[in-house]
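Coordinate inspection notes
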Amino acid sequence: MAKQVSDLIVERLIEWGVDTIFGFPGDGVDGFFESLRTHKDKLKFIQVRHEEAAAFAAVGDAKYTGRLGVCCATSGPGSVHLLNGLYDAKCDLQPVLAITGHTFHDLIGMDYQQDVDLDKLYMDVTVFNERVMGAAHAVNVVDMAVRTAYGRRGVSHICIPKDIQEWEVSDKHRSGANVSHHSGDWSVPSSAKPAPSLIQKAADVINAGSKVVVFVGRGALGSREEVAQLAQTVGGPVVKALLGKAVLPDRSPYTTGGIGLLGTAPSVDAMEECDTIIMIGTSYPYMEFLPKPGQAKCVQIEIDPTRIGLRHPVDVGLVGDAKSILTALLPLLKKKNDKFLKKSQERMKSWFGLMEERGTRKDMPMKPQVVTHTLNKLLNDDAIVSSDSGTIATWTARYVDIRGTMQFSLSGSLATMANGLPYSIGAAVAYPGRQVVCVVGDGGLTMLMGELATLVKYKLQVCVIVIKNNVLGQIKWEQMILEGNPEFGVELEPIDFAMVANACGAKSYTIERPEDAEKVLRQALAQQGPTLVQAVVDPNEPPMPGKITMEQALKFAKALARGQKDAAKIIKTIAEDKVREVI
């Protein structure tokens with residue numbers, strides 16, 4: 001059989017080092033799928049149950065491996081379904097390639113079946129967006145798509161009309177300007193770094209400070225040793241944005257952990273007291289938790305020049321790879337006393353004691369933090385932990401400690417629900433020998449619950465832990481604490497997730513009492529193949545901010561006064577939490 005356009009595309013992806021593609025079939029990509037079938041010895045196809053999950057799995061693959069994540073879907077509705085996962089990639093700057101079908105090339109725009117204008121639909125989400133026009137165009141488009149996804153850290157989209165997928169390869173219609181084999185499959189990260197004079201200027205700003213905070217995000221993940229040395233040199237704590245949780249181990253003496261509503265009180269204190277901040281690889285959006293403009297001098301290290309000064313006024317901006325810049329910067333810094341750092345360390349002792357108190361509560365209903373606190377003790381030092389958006393992010397961020405070579409992620413800037421399970425699919429496919437754990441809420445799991453069957457189909461070693469409180473907890477507390485309104489529209493009809501997992505073919509467990517948590521979680525983590533643990537918890541346990549503001553307290557009181565359901569139970573739970581904090 002003669003080689004077709006789809007073969008050119010699949011073979012070029014293989015040459016780029018792509019070994020996995022997540023997707024869902026459809027008649028708009030039949031030709032492409034035939035090429036996947038004939039190349040299945042070199043390129044794994046993972047069939048998901050919803051195209052959104054394919055995009056999320058590709059994002060998880062990209063986040064945990066640093067390589068290009070690839071997903072595919074049919075024309076029309078299948079391509080529409082990819083978008084939420086692709087926006088997650090866009091918002092968190094992940095290299096992802098989406099390959100979609102389209103209707104017949106000469107019926108596009110003619111209101112034919114599943115004729116959605118994908119070129120326009122994908123304009124906003126992508127850094128590269130192109131329709132393949134024929135055999136001579138195919139390799140050029142793949143190369144440019146991959147290079148751009150890597151180079152601009154974003155989403156590339158290749159759209160292939162249904163009939164063009166099956167066109168035979170020929171140079172008959174190649175233009176004279178399109179020289180055959182001119183495009184190369186080579187791409188490397190930028191090695192550019194700022195001029196020495198600018199790095200010296202940054203060092204001067206840091207050296208002049210007396211209370212220095214290092215603030216890291218995902219862009220610093222490959223710079224653990226350099227960040228630790230920086231903290232030691234400047235005598236200041238490292239505050240971690242959530243996507244940068246794995247930059248330093250959570251029990252490192254140099255870090256105060258996270259920031260914001262799900263962060264720690266010592267991190268808030270450090271930000272309020274510092275006179276200098278070094279931002280590395282982060283565009284953390286919640287500016288109210290950063291030093292007030294005029295309070296602190298700022299040096300920002302960022303690979304994307306458009307993000308310099310995006311969240312905080314900058315005195316010196318250094319554009320380039322964080323590890324390379326830190327390597328050049330460190331020798332220029334003067335070692336400071338560690339008084340400011342020691343103050344943060346003392347505060348962290350109290351914080352860890354508070355987390356231990358809250359994480360070991362024995363009262364009923366079981367508290368959600370009991371589950372993640374117990375899980376933390378059972379995780380391997382190379383575990384890959386994915387979480388979802390909602391209160392579950394707080395319980396995971398605060399109670400699961402990064403150590404060893406552990407990895408952690410969730411949906412950052414998009415903060416979408418339903419990403420946790422597909423991220424774990426991407427992780428388990430990429431790292432079949434590692435412990436992969438998915439910690440999700442009942443709201444997020446329900447959205448893409450069909451992916452439990454994907455775990456079973458491919459025998460993926462994933463432990464899904466669903467925190468079941470039958471409510472959209474984050475939205476409930478936002479309505480109360482941020483808006484001063486009683487909860488509305490957030491109650492969920494209960495689902496027995498253990499039964500659902502069993503129906504899909506996975507082993508399942510249920511925890512309802514704190515004293516059973518360790519035994520059940522240990523059994524689930526030791527089980528071969530996919531497992532699900534349903535943890536039934538108290539819906540009235542709030543994800544308390546590290547430091548409560550007066551405005552939050554007033555709006556919370558207002559919500560209770562206006563008729564909040566279970567107000568007495570909520571007050572009792574919060575009172576117990578605050579007593580533990582005081583003692």
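Residues numbered from 1 in each chain as written. Predicted model: local features only at pLDDT ≥ 70, side-chain atom pairs only at ≥ 80, totals over all residues. Heavy atoms only, no water.

**Some thoughts on the overall build of the protein chain**
In terms of helices and strands, the protein chain carries 22 helices and 18 strands. Relative to its 583 residues, the protein chain shows a buried fraction of 56%. Expressed as a percentage of contacts within the protein chain between residues at least 6 apart in sequence, the contacts between residues at least 24 apart total 75%. Accessible surface, the protein chain as shown: approximately 23,800 Å² in total, 55% of it carbon and sulfur. (Helix = DSSP H or I, 4+ residues; strand = E, 2+ residues; numbered from the N terminus. Buried < 20%, exposed > 50% of the residue type's maximum accessible area, 1.4 Å probe, protein only. Contact = heavy atoms within 4.5 Å. Areas by Shrake-Rupley, 256 points an atom, 1.4 Å probe, with all protein chains shown as cover.)

**What about the sheet that holds strand β18 (residues 531-536)?**
Two pairing modes exist for strands in a sheet, parallel and antiparallel, and in both the strands are linked by backbone hydrogen bonds. The 6 strands lie next to each other as β14-β13-β15-β16-β18-β17, forming an open sheet whose pairing is parallel. For this open sheet the edge positions go to β14 (407-409) and β17 (507-511), each flanked by a neighbour on one side alone. Ignoring strand direction, the axes of neighbouring strands in this sheet form an average angle of 15°. Note that strand β13 (residues 384-387) and strand β15 (residues 436-441) share 4 bridges and pair parallel. (Pairing = 2+ DSSP bridges. Axes fitted to C-alpha atoms, helices over the stretch in contact; angles between N-to-C directions.)

**Structural notes on the pairing of strand β3 (residues 69-73)**
Put simply, side chains in a regular strand alternate between the two faces of the sheet. When you tally the buried positions in β3, you get 5 out of 5 residues, the bulk of the element. Of the two faces of β3, the one lined by G69, C71 and A73 and the one lined by V70 and C72 are each fully buried. When strand β1 (residues 20-23) meets β3, the two strands line up parallel, connected through 2 bridges. The partner of G23 across the bridge, within β3, is C72.

**Looking at the packing of aromatic side chains**
Taken as a whole and judged by the stated rule, the model has 6 aromatic pairs. Ring geometry for F33 against F45: centres 4.9 Å apart, planes inclined by 75°, an arrangement best described as edge-to-face. With F33 in helix α2 (residues 30-38) and F45 in strand β2 (residues 44-47), the pair connects residues that are 12 residues apart, well separated along the chain. Classification of F45 as partly exposed rests on a relative accessible area of 24%. When the centroid spacing of 5.9 Å and the interplanar angle of 75° are considered together, the rings of F104 and Y112 count as edge-to-face. For F104, a relative accessible area of 27% corresponds to the partly exposed category. (Phe/Tyr/Trp six-rings, centres within 6.5 Å; stacked < 30°, edge-to-face > 60°.)

**Some remarks on unusual backbone geometry**
With an omega of -5°, the peptide bond running from M364 to P365 counts as cis. Position of P365 among the secondary structure elements: in the loop between α12 (339-359) and α13 (368-378). Phi is positive for A418, which is not a glycine, with a value near 80°. Tracing the backbone through its elements, the reader meets A418 in the loop between β14 and α15 (420-430).

**Observations concerning the nonpolar core**
For soluble globular proteins, the rule of thumb is that nonpolar side chains tend to be buried together. One finds C71, L82, L86 and V464 to be the most contacted residues of the largest nonpolar core, which totals 49 residues. In this structure, L86 is in contact with A55, C71, V96, A98, Y122, V125 and V155, ignoring residues within four places of it in sequence. Among the nonpolar cores identified, the runner-up in size contains 41 residues, and A393, V400, I467 and A524 belong to it. (Core = buried A, V, L, I, M, F, W, Y, C linked by side-chain atoms within 4.5 Å.)

**Focus: the side chain of T374**
Considering the arrangement of structural elements, one finds T374 in helix α13. Here T374 falls in the buried class, since its relative accessible area comes to 7%. If sequence neighbours within four positions are ignored, T374 has contacts with A517, E518 and L521.

**Quick look at helix α10 (residues 265-273)**
Counting along an α-helix, one turn takes 3.6 residues, and residues three or four places apart therefore face a common direction. The buried fraction of α10 amounts to 7 of the 9 residues, a majority that puts the element mostly inside the structure. Every buried residue belonging to α10 is among A265, P266, S267, V268, D269, A270 and M271, and all of these are buried. Elements in contact with the buried residues of α10: β7 (212-216), β8 (238-240), β9 (255-257), β10 (276-280) and α12.

**Considerations on helix α20 (residues 517-526)**
Within α20, burial applies to A517, V520, L521, A524 and L525. For α20, the angular spread of the buried residues around the axis is 130°, confining them to a single face. Those residues of α20 that are exposed and angled more than 90 degrees off the buried face are K519 and A526. Tucked into the core, α20 has its buried residues touching α13, β15, β16 (462-468), β17 and β18. (Arc of directions from axis to C-beta.)

**So, the pairing of β10**
Judged by how many residues are buried, β10 sits mostly within the fold: 5 of 5 residues are covered. Side chains T276, I278 and I280 project from β10 onto one buried face, and the interleaved I277 and M279 project onto a second face that is buried too. The sheet contact formed by β7 and β10 spans 5 bridges and is parallel. Note on β10: the bridge partner recorded for V216 is I280. Inspection of the sheet shows β10 paired to strand β11 (residues 297-302) by 5 bridges, in the parallel sense. Looking at β11, one finds that M279 is bridged to Q300.

**Observations concerning the packing of helix α9 (residues 224-234) against helix α11 (residues 322-329)**
Their axes nearest at 9 Å, the elements α9 and α11 cross at an angle of 35°. Judged by the twist between their axes, the crossing of α9 over α11 is left-handed. Along its contact with α9, which presents E226, V227 and L230, the element α11 presents K323, L326 and T327. For the contact of α9 with α11, the class distribution of residues is 3 nonpolar, 1 polar and 2 charged. (Left-handed = near helix turned anticlockwise from the far one by under 90°. Nonpolar A, V, L, I, M, F, W, Y, C, P; charged D, E, K, R; others polar.)

**Quick look at the pattern of salt bridges**
As a working rule, side chains carrying opposite charge can pair if their charged atoms are close by. As enumerated under the stated definition, the model contains 29 salt bridges in all. In this structure, the salt-bridge partner of D315 is K297, at a minimum N-O distance of 3.7 Å. You can see D315 sitting in the loop between β11 and β12 (316-319) and its partner K297 sitting in strand β11, a full 18 residues away along the chain. On the accessibility criterion, K297 (47% relative accessible area) is partly exposed. Note that R361 is salt-bridged to E541, the shortest N-O span being 3.6 Å. You can see R361 sitting in the loop between α12 and α13 and its partner E541 sitting in the loop between β18 and α21 (550-561), a full 180 residues away along the chain. Connected through shared salt-bridge partners, R361, D363, K367, D538 and E541 make up one network. (Salt bridge = Lys/Arg side-chain N within 4 Å of Asp/Glu carboxyl O.)

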